[in-house]
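Chain by chain, the residues:
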Amino acid sequence: MKRTLIVGNWKMNLNTQQASVLVHRLNKHIEEHRDIEVVLAPSLLTLQPISLQIDRRKFRLAAQDAFYVDEGAYTGEVSFTMLRGLVHYALVGHSERRIHLGETLEVVRDKVQAAIRNGISPILCVGETKQERAAGETKRVIHDQLTTALANLTPEEVEEVVIAYEPVWAITSFGGDRPAKPDEIQSAIRWIRHIIGELYGEKLATELRVIYGASVDAEFVEGILSLEGVDGLLPGTASLNYHKFADIVAAAHRTLQKAGQNG
Ligand code: PGA
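This one's a predicted model, so the numbers in the text were calculated from it and none came from an experiment.

Rules and cut-offs
Residues numbered from 1 in each chain as written. Predicted model: local features only at pLDDT ≥ 70, side-chain atom pairs only at ≥ 80, totals over all residues. Heavy atoms only, no water. Helix = DSSP H or I, 4+ residues; strand = E, 2+ residues; numbered from the N terminus. Rg over C-alpha atoms; globule rule 2.2 N^0.38 Å. Buried < 20%, exposed > 50% of the residue type's maximum accessible area, 1.4 Å probe, protein only. Contact = heavy atoms within 4.5 Å. Expected span 1.5 Å × (residues − 1). Axes fitted to C-alpha atoms, helices over the stretch in contact; angles between N-to-C directions. Parallel < 35°, antiparallel > 145°, perpendicular 65-115°, else oblique. Left-handed = near helix turned anticlockwise from the far one by under 90°. Nonpolar A, V, L, I, M, F, W, Y, C, P; charged D, E, K, R; others polar. Pairing = 2+ DSSP bridges. Right-handed = clockwise from strand over helix to strand, strands pointing away. Phe/Tyr/Trp six-rings, centres within 6.5 Å; stacked < 30°, edge-to-face > 60°. Near = heavy atom within 4 Å. Polar contact = N/O pair within 3.5 Å; in protein donor to acceptor, adjacent residues only side chain to side chain. Areas by Shrake-Rupley, 256 points an atom, 1.4 Å probe, with all protein chains shown as cover.

**Description of the overall build of the chain**
(1) Moving on: Secondary structure summary: the chain contains 12 helices and 8 strands in total.
(2) Moving on: A globule of 263 residues ought to have a C-alpha radius of gyration of about 18 Å, and the chain, at 17 Å, matches this closely.
(3) Moving on: Counting over 263 residues, the chain shows a buried share of 52%.
(4) Moving on: Counting only contacts in the chain whose residues sit at least 6 apart along the sequence, the fraction spanning at least 24 positions is 72%.

Laid out in structure tokens, this is it:
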């Protein structure tokens with residue numbers, strides 16, 4: 001059984017003390033659910049202390065980024081090798097990094113490969129900007145982001161990857177104030193699975209975990225998770241508020257239970 005993945009992306013927020021307060025509250029307010037895997041993605045600075053503080057039955061950790069070389073003269077960087085054992089996952093190719101930090105398709109590809117090489121599952125973020133959608137380029141953009149990012153992996157390695165569809169225009173930091181519409185999410189996720197199917201076969205296309213992110217809040221959880229082929233959520237802004245994040249996890253659990261009863 002695939003567990004539904006809920007990944008809280010804290011972005012560049014919370015110093016060590018603030019992060020510790022949030023974790024304290026999350027430990028208390030989030031329940032353990034067998035069908036849900038809750039992942040926290042704090043800043044690199046706070047990963048280590050948080051790893052000692054989280055209730056490990058409830059939470060796993062993700063890095064928001066890391067560098068693609070394992071060790072050496074790269075002042076200021078932290079490698080996936082250094083994160084080995086500390087995190088299960090790492091976000092790779094988040095649109096804020098592609099847009100504000102100039103991460104190219106090739107850099108994203110090398111980071112995906114470095115994550116895998118170090119036993120960390122990359123959560124590969126893909127998604128089109130408003131202009132690209134308006135120009136009818138959504139499918140092409142997703143195709144290019146996906147195929148370049150996975151280019152250096154074997155099919156067995158691709159199994160470890162999680163794909164996050166995050167339409168840039170719907171992300172809070174880019175001006176989004178609500179998630180993409182269900183049919184927009186559905187068609188993008190179908191397209192992602194179609195591409196995976198063409199490259200690696202139907203089995204992997206079905207089994208690969210594909211999640212949605214951008215303006216996720218508790219009120220949208222049921223609508224999004226009920227869509228076929230959506231395996232989880234990647235909330236940003238809402239994950240900084242323990243009430244909201246706990247509500248998202250609880251709503252996901254209710255949705256899964258309902259689906260189980262109906263199916
Ligand atoms: P948001 O961010 O929930 O604040 O829109 C999601 C993300 O960028 O991962």
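**Comments concerning unusual backbone geometry**
(1) Moving on: Phi is positive for Lys 11, which is not a glycine, with a value near 55°.
(2) Moving on: Residue position: Lys 11 is located in the loop between strand S1 (4-9) and helix H1 (16-29).
(3) Moving on: We note that Ser 215 has phi near 55°; this positive angle belongs to a residue other than glycine.

**A word on helix H9 (residues 182-200)**
(1) Moving on: Spanning 19 residues, H9 covers 26 Å between terminal C-alpha atoms, matching the ideal 27 Å at 1.5 Å per step.
(2) Moving on: Where H9 is concerned, the buried positions are Glu 184, Ile 185, Gln 186, Ala 188, Ile 189, Trp 191, Ile 192, Arg 193, Ile 195, Ile 196 and Gly 197.
(3) Moving on: Of the residues trailing H9, Gly 201 is marked for its positive phi of about 95°.

**A closer look at the packing of helix H7 (residues 138-150) against H9**
(1) Moving on: Taken N-terminus to C-terminus, the directions of H7 and H9 make an angle of 40°; their axes are 10 Å apart at the nearest point. With respect to their mutual orientation, H7 and H9 come out oblique. H7 and H9 meet at a crossing whose hand is right-handed. Taken together, the residues of H9 that come into contact with H7 (itself represented by Lys 139, Ile 142, His 143, Leu 146, Thr 147 and Leu 150) are Ala 188, Trp 191, Ile 192, Ile 195, Ile 196, Leu 199 and Tyr 200.
(2) Moving on: Residues belonging to the contact of H7 with H9 are distributed by class as follows: 10 nonpolar, 2 polar and 1 charged.

**Regarding the pairing of strand S3 (residues 59-63)**
Each regular strand carries side chains that alternate between the two faces of the sheet.
(1) Moving on: Within S3, 4 of the 5 residues are buried, which leaves it mostly tucked inside the rest of the structure.
(2) Moving on: Pairing analysis gives 3 bridges linking strand S2 (residues 36-41) to S3, with the strands arranged parallel. By the bridge assignment, Val 39 is partnered in S3 with Arg 60.
(3) Moving on: In this fold, the crossover linking S2 to S3 by way of helix H2 (residues 44-53) has right-handed handedness.

**Concerning the packing of aromatic side chains**
(1) Moving on: Throughout the structure, instances matching the rule amount to 3 aromatic pairs.
(2) Moving on: Geometrically, the ring pair formed by Tyr 165 and Tyr 212 is tilted, given 6.3 Å between the ring centres and 55° between the ring planes. Of this pair, Tyr 165 sits in strand S6 (residues 162-165) while Tyr 212 sits in strand S7 (residues 209-213), placing them 47 residues apart in sequence. As far as the burial class goes, Tyr 165 and Tyr 212 line up, both buried.
(3) Moving on: Put simply, the rings of Phe 67, Tyr 68 and Tyr 74 pair up and form one aromatic cluster.

**Describing the packing of helix H5 (residues 105-117) against H7**
(1) Moving on: Between H5 and H7, the shortest axis-to-axis distance is 7 Å and the interhelical angle comes to 45°. As far as their axial angle goes, H7 and H5 are oblique. Classified by chirality, the crossing of H7 by H5 is right-handed. For the pair H5 and H7, contact is made by Leu 105, Val 108, Arg 109 and Val 112 and by Asp 144, Gln 145, Thr 148 and Ala 149, respectively.
(2) Moving on: The class makeup of the residues in the contact of H5 with H7 is 4 nonpolar, 2 polar and 2 charged.

**Regarding the pairing of S2**
(1) Moving on: Here S2 lies mainly inside the structure; 6 of its 6 residues are buried.
(2) Moving on: Burial along S2 is two-sided: the face carrying Ile 36, Val 38 and Leu 40 and the face carrying Glu 37, Val 39 and Ala 41 are both buried.
(3) Moving on: Where S1 meets S2, 6 bridges bridge the pair, whose relative direction is parallel. Bridge pairing in S2 places Val 7 opposite Val 39.
(4) Moving on: Regarding the hand of the β-α-β motif, the stretch spanning S1, H1 and S2 is right-handed.

**Focus: the site of the ligand**
(1) Moving on: Around the ligand, a shell composed of 13 residues is seen, among which His 94, Glu 166, Ser 215, Gly 236 and Thr 237 lie nearest.
(2) Moving on: One nitrogen or oxygen atom from the side chain of Lys 11 is found 2.8 Å from an oxygen atom belonging to the ligand.
(3) Moving on: A distance of 2.7 Å separates an oxygen atom of the ligand from a polar atom in the side chain of Glu 166.
(4) Moving on: When the free accessible area of the ligand is taken as 280 Å², the share hidden by the protein chains comes to 99%.
(5) Moving on: A per-class count over the shell around the ligand returns 5 nonpolar, 6 polar and 2 charged.

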